[in-house]
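Spelled out, the chains give:
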Amino acid sequence: MPNRKSSPPPGATAALALSDGTVFWGKGLGAAAKKTGEVCFNTSITGYQEILTDPSYAGQIVTFTFPHVGNVGTNPEDIETLVPAARGLVLREDITAPSNFRSTQTLDAWLKANGIPGICGIDTRALTRHIRDTGAPNGTLIHRPDGKIDAAALVEEAAAWPGLEGMDLAKEVTARQSYTWDETTWALGKGYGKLGKPKFHVVAIDYGAKRNILRCLAQAGCKVTVLPAQATAEDVLRHKPDGVFLSNGPGDPAATGVYAVPTIRALLDKRVPIFGICLGHQLLALALGATTTKLARGHRGANHPVKDLETGKVEITSQNHGFAVLPETLPASAQVTHISLFDQTNEGLRCLDRPAFSVQYHPEASPGPQDAHYLFARFTALMTNSKAA
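Description of the structure in this document. (Residues numbered from 1 in each chain as written. Predicted model: local features only at pLDDT ≥ 70, side-chain atom pairs only at ≥ 80, totals over all residues. Heavy atoms only, no water.)

**Some remarks on the overall build of the chain**
At step 1: Along its length, the chain carries 10 helices and 20 strands.
At step 2: Compactness check: the chain gives a C-alpha radius of gyration of 21 Å against a globular reference of 21 Å for 389 residues, within 12% of the reference.
At step 3: Projected onto its principal axes, the C-alpha positions of the chain cover 70 × 45 × 40 Å.
At step 4: Residue burial in the chain is summarised as follows: out of 389 residues, 56% are buried.
At step 5: Intrachain contacts of the chain at a sequence separation of at least 6 include 73% that bridge at least 24 residues.
At step 6: Counting only carbon and sulfur atoms, one obtains 52% of the accessible surface of the chain, whose full area is about 15800 Å². (Helix = DSSP H or I, 4+ residues; strand = E, 2+ residues; numbered from the N terminus. Rg over C-alpha atoms; globule rule 2.2 N^0.38 Å. Buried < 20%, exposed > 50% of the residue type's maximum accessible area, 1.4 Å probe, protein only. Contact = heavy atoms within 4.5 Å. Areas by Shrake-Rupley, 256 points an atom, 1.4 Å probe, with all protein chains shown as cover.)

Written out as structure tokens, the structure reads:
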């Protein structure tokens, strides 16, 4: 339970201190370290390794609302990037021994190897309600095996952290140089495949791209050239792509947009087919003249219903975002295509005068499991039509 005591209770080896003075005491796990970031919650029941390696979680401490996290262990395949971006994790129960034939390492050992601290044994329901009622707070998480924890100092550190609003984190998680990608999606007993004869060449601008998005593009027949976040339109067009993909990523889209928006606008003017996901969706909206806003709680989980306004169908989606596009600020040349059935926020758009569209959620994460895979086919159709024009 949370309290405001400056000294830890007996046996506590970890603490999560929020900027408002609330302190959660518990047992430390993972790396013996201290990290500060925005404290958010994710309602997913599975996929904790993918969540912790998703670059979109840069700057965040993830609270898992599902109590039993870690019981299938970890493996070298279920990662979204080589260097995990999440700053810490918060659990209800201690990590149990893994029970899965694909496991090669316990979650605790994996956390240690990647320098990620964690805390367990706290009331994650109380923390989730706190976030729900007051918004995602800044917090400092510490795992100290000797139990010598200064809670008051942790609260001060959390309060001094500037927060995600106005923070450009894409430049911290993006690729440092360009590379090509031809790995396709995973299959039981076979692992990942390899693209044989590509039908399209796609340039992906990496604002924090998840590997499985690149795999889905390759599965759809796309040879992918990945460029760093700060790539210019000239850098992109030099590769003569059939289409451009705007990836997911962390931080405030308005901050990343300082360098990303001019590139996207130039590509729109060249009428290059564009597909954006998550941060890429927000950046496309900014390039069209819209604005974004920070959500109080954010959308993070694998059970978010989204309605496709063009077909009337409802998709069960995976989401991870703390900012949203304000639909009333979109120009007349852009149409809202999807909305959240949780809070009616914008979940997708398409341009009426140019070959470009985007969605706020993650179609590659397969919570439906394949409700949203049509979006990759929609992108290839745009490229096919552009080639034929």
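Structure's up, so let's keep going.
**Considering the pairing of strand 11 (residues 191-194)**
At step 1: Of the strand pairs in this sheet, strand 10 (residues 183-187) and strand 11 are connected by three bridges, and their pairing is antiparallel. Across the sheet, Glu 183 pairs through a bridge with Lys 194, a residue of strand 11.
At step 2: Between strand 10 and strand 11, which pair antiparallel and follow one another directly, the connecting turn spans three residues, one of which, Gly 189, has a positive phi of 85°. (Pairing = 2+ DSSP bridges.)

**Brief notes about a nonpolar patch on the surface**
At step 1: The grouping of Phe 101, Trp 186 and Leu 188 at the surface amounts to a nonpolar patch, some 390 Å² of accessible area in total.
At step 2: Of the residues examined, Leu 188 reaches a relative accessible area of 62% and is grouped as exposed. (Patch = residues over 30% accessible without salt bridge, like charges linked within 9 Å, V, L, I, M, F, W, Y side chains within 5 Å. Salt bridge = Lys/Arg side-chain N within 4 Å of Asp/Glu carboxyl O.)

**So, empty space enclosed by the protein**
The gaps left among the atoms become clear once a water-sized probe is rolled over them.
At step 1: Taken as a whole and assessed by the stated rule, the structure comprises two cavities of 30 Å³ or more.
At step 2: Counted as a void, the largest cavity has a volume near 140 Å³.
At step 3: Around the largest cavity, the lining comprises 16 residues; the ones closest to its centre are Gly 249, Pro 250, Gly 251, His 321 and Gly 322.
At step 4: Of all elements in the fold, only helix 9 (279-287) and strand 17 (314-325) reach the threshold of two or more residues within the lining of the largest cavity.
At step 5: For the lining of the largest cavity, the leading source of residues is strand 17, giving four residues.
At step 6: For the lining of the largest cavity, a count of residues per class yields six nonpolar, eight polar and two charged.
At step 7: Classifying every residue of the lining of the second largest cavity gives six nonpolar, six polar and one charged. (1 Å grid on protein atoms, 1.4 Å probe; cavity = no way out; pocket = protein on both sides within 12 Å on 5 of 7 lines; lining within 4 Å. Points joined across faces, edges and corners; volume = space filled by probe spheres on them. Nonpolar A, V, L, I, M, F, W, Y, C, P; charged D, E, K, R; others polar.)

**Quick look at the state of the cysteines**
At step 1: According to the stated counting rule, one finds zero disulfides in the structure shown.
At step 2: Free cysteine: Cys 216, not disulfide-bonded; nearest cysteine sulfur from Cys 222 at 11 Å.
At step 3: Cys 216 sits in the buried class, given a relative accessible area of 7%.
At step 4: Between Cys 351, a cysteine without a disulfide, and Cys 278, which holds the nearest cysteine sulfur, the sulfur-to-sulfur distance is 18 Å. (Disulfide = S-S within 2.5 Å.)

**Some details on the environment of Ala 334**
At step 1: Summarising the element assignment, Ala 334 is placed in strand 18 (residues 334-340).
At step 2: Relative accessible area serves as the criterion here: at 11%, Ala 334 is assigned to the buried category.
At step 3: Here the alpha-carbon distance between Ala 334 and Ser 358, two residues 24 residues apart in the chain, equals 11 Å.
At step 4: Once you skip the residues sitting within four places of it in the chain, Ala 334 turns out to touch Leu 288, Arg 350 and Cys 351.

**A look at the layout of surface pockets**
At step 1: Approximately 1000 Å³ is the volume attributed to the largest pocket.
At step 2: Along the wall of the largest pocket there are 42 residues; nearest its centre are Thr 46, Gly 47, Glu 50, Asp 78 and Ala 365.
At step 3: For the lining of the largest pocket, the secondary structure elements donating two or more residues are helix 1 (48-52), strand 10, helix 6 (211-219) and strand 17.
At step 4: A per-element tally of the lining of the largest pocket places helix 1 first, with four residues.
At step 5: For the lining of the largest pocket, the per-class residue count stands at 14 nonpolar, 19 polar and nine charged.

**Thoughts on the pattern of salt bridges**
At step 1: One pass over the full model with this rule turns up 17 salt bridges.
At step 2: For Arg 238, the salt bridge identified is with Asp 235, shortest N-O distance 3.2 Å.
At step 3: Ionic pairing is found between Glu 310 and Arg 350, a salt bridge with its closest N-O pair at 2.5 Å. One end of the pair, Glu 310, is in the loop between strand 16 (292-308) and strand 17; the other, Arg 350, is in strand 19 (residues 346-351), and 40 residues separate them in sequence.
At step 4: Look at Arg 350 and you get partly exposed, because its relative accessible area is 31%.
At step 5: A cluster of three or more residues bridged by salt bridges with shared partners is formed by Glu 38, Lys 294 and Arg 300.

**Concerning the nonpolar core**
At step 1: Counting residues in hydrophobic clusters, the biggest one holds 33 residues, and the most contacted among them are Tyr 207, Val 244, Leu 246, Ile 264, Leu 268 and Leu 284.
At step 2: Of all the secondary structure elements, the ones that give two or more residues to this core are strand 12 (200-206), helix 7 (233-237), strand 14 (243-246), helix 8 (253-269), helix 9 and strand 19.
At step 3: Not counting residues within four places of it along the chain, the set of residues in contact with Val 244 comprises Val 202, Val 203, Ile 205, Val 236, Leu 267, Val 272, Pro 273, Ile 274, Phe 275 and Phe 379.
At step 4: Among the nonpolar cores identified, the runner-up in size contains 25 residues, and Val 224, Phe 275, Val 306 and Phe 379 belong to it. (Core = buried A, V, L, I, M, F, W, Y, C linked by side-chain atoms within 4.5 Å.)

**Overview of the side chain of Gln 49**
At step 1: With respect to the helices, strands and loops of the structure, Gln 49 is situated in helix 1.
At step 2: For Gln 49, the residues in contact, after removing those within four places along its chain, are Gly 73, Thr 74, Asn 75, Asp 78, Ile 79 and Trp 110.

**Focus: unusual backbone geometry**
At step 1: At Lys 240, a position not held by glycine, the phi torsion is positive, near 50°.
At step 2: As for its position among the elements, Lys 240 is in the loop between helix 7 and strand 14.
At step 3: The phi dihedral of Cys 278 is positive, around 60°, even though this residue is not glycine.
At step 4: Within the element layout of this structure, Cys 278 appears in the loop between strand 15 (274-277) and helix 9.
At step 5: The buried category is assigned to Cys 278, whose relative accessible area is 2%.

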